Every structure is written in C-alpha cells, then in structure tokens.
Amino acid sequence: MRVILASPEAKVWSARKHIPLGLGYLAAVIREGGHEVMIFDASVEDVDVEYYLDLAVAEGRPYAMIGITATTPLMPDAWQMAKLAKARGLITVLGGPHLTIMPLESMQAPHDAYVDYVFKGEAEYSFLELIDTLEAGREPGIIPGIHFKRNGEIIASPESPMIPDLDALPFPAHDLFKIDRYTNLQPLTDGLDRNARSFTILTSRGCPYKCTFCSKPVTGDTWRARSVESVIQEWKWLVHGLGATEIGVTDDIWNLKLPRAKELCRRLVEEGLNHVPWVTVHGMKVNHTDLELFQLMKAAGCKRVGFGVENGDENMLRNVIRKGQTLDQVREAFANAKAANLQTMGFFIFGMPGDNEETMEKTIKLALELDPKLANFMLAAPFPGTVMYDMIQDGGEVFADNWGDFAIHEQKPRFSMNENYDAEMVIKKWREAYRRFYLYRPERVLEKMMFKENWTNIPGTLAQVKRFFIGTPDQQPPSERPAQREKAAA
Ligand code: B12
Ligand code: SF4
C-alpha cells in the first residue's frame, strides 16, 4: 500500500527543527513490510500536504492512506490534515501521545467524519497489521490499540503491551527525512547552521519517575533500554552513512543506569564517533550522574547537557512536582557538568499548583545561582492524563478551550486553582525570570547579541522579546483578554 506519514508543524518557539522520530520508526517497519512510504513533516516543508496528495494523483499513483502523528497542541492541525486527506478519499489514521490519552475524542463528531482509525500507544507492529489487513481486503479485527467505527459503533481494542525488545525494531527510517532542512537541535554554534544535518536518536524508552506535570502516555513508566551495541550501530549509520553533523539523544531518561550510560560514551570514543557533537535534548536526571559520567560524555563528543530543575523550593520539588531529586543533587550535577567543560541548560517551570511569589522567587534565584548557559522558563501546562491535571480539577479550572493553547510558544496561563493561586503573579514572576536571567546581566545581553539567528530574523526576535519580556494581550488569563471580556459582556 502507498502510505504518507505526516506531522503537523511542531510550532515551538524557535527555528530549530527535530525529526518526528516516531514516524521514522513507523516508516521503517511498514517499509520492511513491503509498503511504500513517504514522510511529510509540515515543519520543514514549503508546501502543504495536499500538494503531495494531488501530485501523487496526477502521477497516477495516489496514496491510499495517511497516518498522522500528534501531541496535544497539534490536534487542531492534525484534524485539519485528516479532513483534507479524507476529502481526497484516503484512509485516515491518527496516532501519537494525544491519541493515546484521548482516543475516543477523535472517534466522535465532528472528527468521526474524517478520522477512520486511531491508535493508542507504540504502534510499530499494530499499524503494520492494519495496513496488511486492509490491503488484503479484510476487515480489521482485534488489532492492539486500535479504535474505529463499525456500523456507527466504536470498536476499541486494548493497547498492546509496550514493545519489550527494542533491539528487535529496525532503525528509524532516518533516510526518509529531508535532513538538510533540520537545522541545529540546539544552538551549539554561535548561530543557526543552515547546513547542519541534525538527527535524533532514542537509546531507551520510558521513565520510572512520576513527575506530576509529565505526560508520557506512549513510552510509559517502565524503562526499556536498547543494547549499547544496537545504539552504536545506529549512531554509525547516522555519522558515516547519512553525514550527521549533530545528534540529539531524545530519551525520557537516557542516564537511568549509570554503568550503561558510561559504556555508551566509551564505545562512542572507541568507534571514533566522538567528532560529531551531540546534546541531550530532553534533559538528564541529575540524581543519576557523577563527575566521571560528564567527563566521559565530553570525551564522547557531547557539547551540552540539559537538566530538569523545575523549581527552587525543596517542598514544591518533593511534594508537588514529585521530582525525586533534591536541590543539592541539582547543584552537584551542574557543578560536575561544568567541571567537565560541558555547556549546561536548565529547564524551570513556573506556576505549578502551589507555586507562589516566594517559591517562584526561589526558582529565579536558583537559576541565577546555577547560571546555566541556557535557561528555559516554562509556564506549567496541565496535559490531560497527568497528576497535575487532576490536581486542578479539584477546585480549579483548565482554561484551554483549544488544544492549540498548550503549545509551548503560546506561553499563557492555562488554568486557575483556588484563592491561594494567583495566575497573574505567575506570569509576572515568569517574565521576571527571563528579564533577570537574560536582560539584566550585561554578559547575557552580549551573548544574545552575538547569536546570529537574532539578527537574521529581526521580526522573529522582536516577537520573542515582546512575548517573553513585555507581554501580549493573549497571554492574559482568559477572563482578562479583551475578546473574552466582550464575549462575556454580550
Ligand atoms: C523529541 C521530542 C520533542 C521534539 C520533537 C518533536 C517531534 N518533531 O516529534 C520537540 C523539542 C520539538 C518537542 C516539542 C514538543 N513536545 Co515533545 N517530546 C519529544 C520526546 C522527548 C521524544 C519524541 C519521540 O521521539 N518519541 C519516541 C517515539 C517512538 O514515540 P512517538 O513519537 O510517541 O511515536 C510512537 C507512538 O506515539 C505511535 N505513533 C506516533 N505517531 C503515530 C501516527 C500514527 C498514524 C500511528 C498509527 C501511530 C503513531 O507510534 C510511534 C512508534 O511507537 C517526547 C517524549 C517521548 N518519550 O516520547 C516528548 C513529548 C512527545 N513532547 C511533549 C510535549 C508536551 C511537547 C510540546 C507540546 C511542548 C509544548 N508545550 O509545546 C512540544 C510540541 C511540538 C510537537 N511537535 O508536538 C509530550 C507530549 C504530551 C502530550 N500529551 O502530547 C512528550 C510525551 C513529553 C512529555 N513526557 O511530556 N518534543
Ligand atoms: S524524570 Fe523526566 S521523563 Fe521522567 S517523569 Fe520526570 S519529567 Fe517525565
């Protein structure tokens, strides 16, 4: 069968693009199964998906099926894509993190008019089974994780157990990505390298921690690691076969087992793969590190490590976020990474339930004390299915009336809590964090000014400055936004 796998535009806050690796895995498996597949990633294409659908028709080889991936904020675009494909007669299939949490939503009106099948969970094997079944002209039966309608009734199968042996999967179809359009994963250089060939790699899936804001519906709570040798083989292919100039490790927690993490670094050195810079995209867990690990990472070509710090208040960290790490462990990890000459990056969250002026001030002070090369201050987003989402339901309200509001670049309050939670204060402190970290320190201002991308895209830079340092009307809580006020008044 001819299948097009598509991702809506990632819509993150910067020009950096990441391959949709999940589609790469699906493509590899269905290609091995004898089907023809193209990957369309709206983040890097100059044309819409309709262009390829119509082109295929004009060439007399139309696609029979579209498979669309989506995280929560990309759902409106995913539905729109499905609608366009359905209008052209394709079988439409949706999968990914949001569909794993809320599969039924897309099976109901109005979406059931253009969504044929939804998959929950890791779908490499089950998606292939559906394609084989339909190609053979059979009715789909109990395929793990599948949801579809038969005679108006929703048929739903339980999700398959997570794939236990990740080494049994083929490497993602990295060769199907238009890789020269994926610029730097993170600013490793002083500007956006237009010629970068940035790949990502997944050395394990899952994470046993249960941070209350984290939504990991697909990869789950059980950590499943690939063998070091399998990872090395894929890494070799990326470097020698596909000319990678930058690699991002995107595991939930690649360093859970210290000996394995160290072994991987040693093998990268042994194989002479350490000349290609790499970063940890999703962040490392501070309490599974030591100085030797960072030194080995440095020797293996790692340039930058990111850490989920989240909050500067010990009580928030332990009892609200349930991060499973202490502030001392945070400090130690940063000190060790810096001692190993790695650039550091910190992720901080503002506005978790229970956050107040004092705890957020502690977070800002901690960021200034740790002084990472890059700090990302994010506003808490209550993704459905998380403990945080449930905490808010108890007496509060999630504002988002559109999943698109959950996108990171939106940076707006997304919920109210009780009288002790002040959404305006959250925005005030969050913006203050950016100002105090980046604007009020001359060396940081200078660093930003040296960053080429800020000059080559002036409108983008000005928009960012407004959003992060000054504010835009849509960043107010809904009750404060002019349009909403007018609606309420009417
Ligand atoms: C790398 C990454 C990114 C990258 C690249 C994303 C991209 N282009 O794909 C960047 C940094 C850009 C990014 C951005 C965001 N991300 Co992100 N990201 C990840 C990360 C760390 C790895 C993704 C990955 O490769 N997974 C591995 C593959 C194998 O899994 P998969 O993609 O889910 O695919 C499998 C199944 O879902 C299914 N499947 C997927 N698509 C389809 C399609 C069909 C048709 C079928 C049948 C099946 C199917 O089969 C696949 C194979 O098993 C995950 C964490 C994680 N462990 O998944 C978070 C994660 C996906 N991100 C998350 C979030 C919240 C975001 C942001 C929304 C943040 C924000 N607030 O803006 C943005 C949104 C942008 C976007 N693209 O959606 C959440 C999603 C939660 C949710 N409810 O949707 C995750 C789970 C992290 C977390 N624990 O909270 N992200
Ligand atoms: S450690 Fe990271 S991946 Fe694991 S639950 Fe916490 S935020 Fe999610």
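Above: the structure in question.
**Here's the deal with the packing of helix H7 (residues 258-270) against helix H8 (residues 291-299)**
Close contact between H7 and H8 brings their axes to 8 Å; oriented N to C, the two are set at 25°. The angle between H7 and H8 falls in the class roughly parallel. Classified by chirality, the crossing of H8 by H7 is left-handed. On H8, the residues that touch Leu 258, Ala 261, Lys 262, Cys 265, Arg 266 and Val 269 of H7 are Glu 292, Leu 293, Leu 296, Met 297 and Ala 299. Residues that form the contact of H7 with H8 fall into these classes: 8 nonpolar, no polar and 3 charged.

**Let's talk about the nonpolar core**
Among the nonpolar cores identified, the biggest contains 120 residues, and Leu 5, Leu 26, Ala 27, Ala 78, Leu 94, Phe 350 and Ala 433 are the most heavily contacted of them. Split by domain, the residues of this core number at least three in each of domain 1 (2-156) and domain 2 (183-482). Dropping the residues within four chain positions of it, Leu 26 is found in contact with Leu 5, Gly 67, Ala 123, Glu 124 and Phe 127.

**Topic: the sheet that holds strand S13 (residues 302-310)**
Across the sheet, which stays open at both edges, the 6 strands sit in the order S8-S11-S12-S13-S14-S15 with parallel pairing between neighbours. Unpaired on one side and paired on the other, strand S8 (198-201) and strand S15 (374-379) mark the two borders of the sheet. Each adjacent strand pair in this sheet contributes to an overall mean axis angle of 20°, direction not counted. Sheet topology note: the strand S14 (residues 343-350)/S15 ladder contains 6 bridges and is parallel. Residue pairing in the sheet places Phe 348 in a bridge with Phe 377 of S15. Packing against the sheet, helix H13 (residues 423-439) makes contact with S14 and S15, and its axis sits at approximately 170° to S15.

**Considerations on helix H10 (residues 327-339)**
Between its terminal C-alpha atoms H10 stretches 18 Å, which fits the 18 Å expected from 13 residues at 1.5 Å a residue. Listing the buried residues of H10 in full gives Val 330, Ala 333, Phe 334, Asn 336 and Ala 337. Take H10 and look down its axis: the buried residues cluster within an arc of 165°, on one side only. Opposite the buried face of H10, by more than 90 degrees, sit the exposed residues Asp 328 and Ala 339. One or two positions beyond H10, positive phi appears at Asn 341, with a value near 65°.

**Some points on the pairing of strand S6 (residues 146-150)**
Summarising the sheet, strand S5 (residues 117-119) and S6 pair through 3 bridges and their orientation is antiparallel. From the neighbouring strand, Tyr 117 faces S6, where its bridge partner is Phe 148. In the sheet, S6 pairs with strand S7 (residues 153-156) via 4 bridges, with the strands oriented antiparallel. When the bridges of S7 are listed, Lys 149 appears paired with Ile 154. In this structure, the hairpin formed by S6 and S7 is closed by a connection of 2 residues, where Asn 151 is found at a positive phi of approximately 50°.

**Observations concerning unusual backbone geometry**
The linkage connecting Ala 109 with the following residue, Pro 110, adopts the cis geometry, with an omega of 0°. Relative to the helices and strands, Pro 110 is located in the loop between helix H4 (97-101) and S5. Within the chain, Glu 310 stands out as a residue other than glycine whose phi angle is a positive 70°. Positive phi, close to 50°, is recorded for Asp 371, a residue that is not glycine. Examined against the element boundaries, Asp 371 turns out to sit in the loop between helix H11 (357-370) and S15. Residue class for Asp 371 comes out partly exposed when judged on the 15 C-beta atoms lying within 10 Å of it.

**Observations concerning the environment of Glu 229**
Here Glu 229 shows up in helix H6 (residues 228-241). Sequence separation between Glu 229 and Leu 264 is 35 residues, and the spatial gap between their C-alpha atoms is 8.3 Å.

**Remarks on the packing of helix H1 (residues 21-32) against helix H5 (residues 124-135)**
The geometry of H1 relative to H5 is characterised by a closest axis approach of 9 Å and an angle of 50° between their N-to-C directions. In terms of their interaxial angle, H1 and H5 are classed as oblique. Regarding H1 and H5, the two cross each other, and that crossing is right-handed. Between H1 and H5, the residues in contact are Tyr 25, Leu 26, Val 29 and Ile 30 and Glu 124, Tyr 125, Phe 127, Leu 128 and Ile 131, respectively. In the contact of H1 with H5, the residues fall into 8 nonpolar, no polar and 1 charged.

**With respect to the sheet that holds S7**
Strands in a sheet are paired, the pairing made by backbone hydrogen bonds, and the direction either parallel or antiparallel. The strand order across the open sheet built from 7 strands is S2-S1-S3-S4-S5-S6-S7, with neighbouring strands paired in mixed fashion. The outermost strands of the open sheet, each flanked by one partner alone, are strand S2 (36-41) and S7. Averaged over all adjacent pairs, the angle separating strand axes in this sheet is 20°, with direction ignored. Two strands pair when backbone bridges link them, and strand S3 (residues 65-69) and strand S4 (residues 91-95) are joined in this way by 5 bridges, in the parallel orientation. Paired with Gly 67 across the strands is Val 93, a residue of S4. Strands strand S1 (2-7), S3 and S4 of the sheet are contacted by helix H3 (residues 75-87), whose axis makes an angle of about 165° with S4.

**Some words on the pairing of S13**
By the criterion of burial, S13 is predominantly enclosed, with 8 of the 9 residues buried. Sheet topology places strand S12 (residues 278-280) next to S13; 2 bridges connect them, and they run parallel. Counterpart to Val 279 in the pairing with S13 is Arg 304. As a crossover connection, the stretch from S12 through H8 into S13 is right-handed. As paired strands, S13 and S14 are joined by 6 bridges and run parallel to one another. Its bridge partner being in S14, Gly 306 is matched across the sheet by Met 345.

**With respect to H13**
Spanning 17 residues, H13 covers 23 Å between terminal C-alpha atoms, matching the ideal 24 Å at 1.5 Å per step. Along H13, the residues classified as buried are Ala 423, Val 426, Ile 427, Lys 429, Trp 430, Ala 433, Tyr 434 and Phe 437.

**Topic: the environment of Glu 424**
Among the secondary structure elements, Glu 424 is positioned in helix H13. On the neighbour-count criterion, Glu 424 (11 C-beta atoms within 10 Å) is exposed. Along the backbone, Glu 424 and Pro 413 are 11 residues apart, and their C-alpha atoms lie at a distance of 8.2 Å.

Reading the values: rules and limits
- Residues numbered from 1 in each chain as written.
- Chains lettered and ligands numbered in written order.
- Predicted model: local features only at pLDDT ≥ 70, side-chain atom pairs only at ≥ 80, totals over all residues.
- Axes fitted to C-alpha atoms, helices over the stretch in contact; angles between N-to-C directions.
- Helix = DSSP H or I, 4+ residues; strand = E, 2+ residues; numbered from the N terminus.
- Parallel < 35°, antiparallel > 145°, perpendicular 65-115°, else oblique.
- Left-handed = near helix turned anticlockwise from the far one by under 90°.
- Contact = placed C-beta atoms within 7 Å.
- Nonpolar A, V, L, I, M, F, W, Y, C, P; charged D, E, K, R; others polar.
- Core = buried A, V, L, I, M, F, W, Y, C linked by C-beta atoms within 7 Å.
- Buried ≥ 20, exposed ≤ 12 C-beta atoms within 10 Å, placed from the backbone.
- Domains from an automatic or database assignment.
- Pairing = 2+ DSSP bridges.
- Expected span 1.5 Å × (residues − 1).
- Arc of directions from axis to C-beta.
- Right-handed = clockwise from strand over helix to strand, strands pointing away.

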